[in-house]
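Structure at a glance
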Amino acid sequence: MKKYSQQLVAVLMAFVVLMTTMSFTVNMHYCGGMLVDYSLVKEATSCGMEALQKSNSCETQVAKTSCCQNKQLTADGHDDLKPTFHNLNFEQDVFITSFFFSYSALFEPKTVENTSFEDYAPPLIIRDIQTLDQVFLI
């Protein structure tokens, strides 16, 4: 079982490294203050209102602000992965060691033996009660 707990710790550490180093971008298209489309991979598609607001003739063209907006949310991950464990003081070493051993103890199997009847001696049979009461199983 210790093998499984070590594998679990390795998987969790890999997951933590992946989540802290991953960066992503969310592209969003708002029309009239409401979210119309979002995309994680490419640019969000437009609702088509920009095409309706543009006109070819100069007489009908009115300078209006567009009701559509494109927003981009970016989360950058960490680029440096060099661990610096040589700068730890004694208290930090004690904390990391105690945390590791207490956390790994959660995944060790507990063997429970039922020993409640180990010291119990059954009563001595003085008389056969079934014969005295004439109760027999058929």
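Up top is the structure.
As the structure is a computational prediction, the values presented were derived from the model and not from experiment. (Residues numbered from 1 in each chain as written. Predicted model: local features only at pLDDT ≥ 70, side-chain atom pairs only at ≥ 80, totals over all residues. Heavy atoms only, no water.)

Side note on the sheet that holds strand β2 (residues 34-39)
Stated formally: In short, DSSP must find at least two bridges between two strands for them to pair. Strands here are runs of E lasting at least two residues and helices are runs of H or I lasting at least four, both read from the DSSP assignment and numbered beginning at the N terminus. To get an axis, fit a line to the C-alpha atoms, keeping to the stretch in contact for a helix; angles then go from 0 to 180 degrees between the N-to-C directions.
Across the sheet, which stays open at both edges, the three strands sit in the order β2-β1-β3 with antiparallel pairing between neighbours. In this open sheet, the two strands that pair with only one neighbour each are β2 and β3 (68-75). Across the sheet, the axes of successive neighbouring strands diverge by a mean angle of 25 degrees, strand direction being ignored. Here eight bridges tie strand β1 (residues 24-31) to β3, and the two strands are oriented antiparallel to one another. Bridging from a neighbouring strand, Cys-31 pairs with Cys-68 of β3.

Here we look at the packing of aromatic side chains
Aromatic ring pairs are reported here in terms of the distance separating the ring centres and the angle at which the planes meet. Applied cut-off: Note on aromatic pairs: the rings of Phe, Tyr and Trp (six-membered ring only in Trp) are paired at centre separations within 6.5 Å, and the planes decide the class, stacked below 30 degrees, edge-to-face beyond 60, tilted for the rest. Note on exposure labels: buried denotes an accessible area under 20% of the residue type's maximum, exposed denotes more than 50%, and partly exposed covers the range between, all computed with a 1.4 Å probe on protein chains only.
According to the stated counting rule, one finds three aromatic pairs in the structure shown. Between Phe-95 and Phe-99, the aromatic rings sit 6.2 Å apart at their centres with planes inclined by 20 degrees, giving stacked as the arrangement. Here the residue Phe-95 and the residue Phe-99 both occupy positions in helix α3 (residues 90-104), the gap between them amounting to four residues, near one helical turn. Taking relative accessible area as the criterion, Phe-95 reaches 55% and is therefore assigned exposed. Each ring, one from Phe-99 and one from Tyr-103, has its centre 5.9 Å from the other, and the planes form 15 degrees; the classification is stacked.

A short note on the environment of Glu-43
Mapped onto the elements of the fold, Glu-43 is located in the loop between β2 and α2 (49-53). Expressed as a C-alpha distance, the spacing of Glu-43 and His-29, which sit 14 residues apart in the sequence, is 8.9 Å.

Things to note about the pairing of β2
Here β1 pairs with β2 via five bridges, running antiparallel. Across the sheet, the residue bridging to Met-28 is Tyr-38, located in β2. Here β1 folds back onto β2 in antiparallel fashion, the turn holding two residues, of which Gly-32 has a positive phi close to 65 degrees.

Here we look at a nonpolar patch on the surface
What counts here: To count toward a patch, a residue needs a relative accessible area above 30% and no salt bridge. Like charges then connect within 9 Å, nonpolar side chains (Val, Leu, Ile, Met, Phe, Trp, Tyr) within 5 Å. Per-residue and other accessible areas follow the Shrake-Rupley method at a 1.4 Å probe size, with only the shown protein chains counted as cover for residues. Each reported salt bridge corresponds to a side-chain nitrogen of Lys or Arg within 4 Å of a carboxyl oxygen of Asp or Glu.
A contiguous nonpolar patch, built from Phe-15, Val-16, Leu-18, Met-19, Met-22, Phe-24, Leu-40 and Val-41 and spanning about 820 Å² of accessible area, is present on the exposed surface. Top element by residues in the nonpolar patch is helix α1 (residues 2-21). It accounts for four residues. For Met-19, a relative accessible area of 39% corresponds to the partly exposed category.

Observations concerning the environment of Ser-39
The test is simple: We call two residues in contact whenever any of their non-hydrogen atoms come within 4.5 Å of each other. Contacts described as polar in this section are N or O atom pairs within 3.5 Å, which, within protein, must combine one atom able to donate a hydrogen with one able to accept it, while residues neighboring in sequence count only if both atoms come from side chains.
Looking at where Ser-39 falls in the secondary structure, it is placed in strand β2. With a relative accessible area of 11%, Ser-39 lands in the buried category. Residues Ser-39 and His-29, ten residues apart in the sequence, show an inter-C-alpha distance of 9.0 Å. Here Ser-39 is in contact with Thr-25, Val-26, Asn-27 and Ala-44, once residues within four sequence places are set aside. Within polar-contact distance, the side chain of Ser-39 engages the backbone nitrogen of Val-41 at 3.4 Å.

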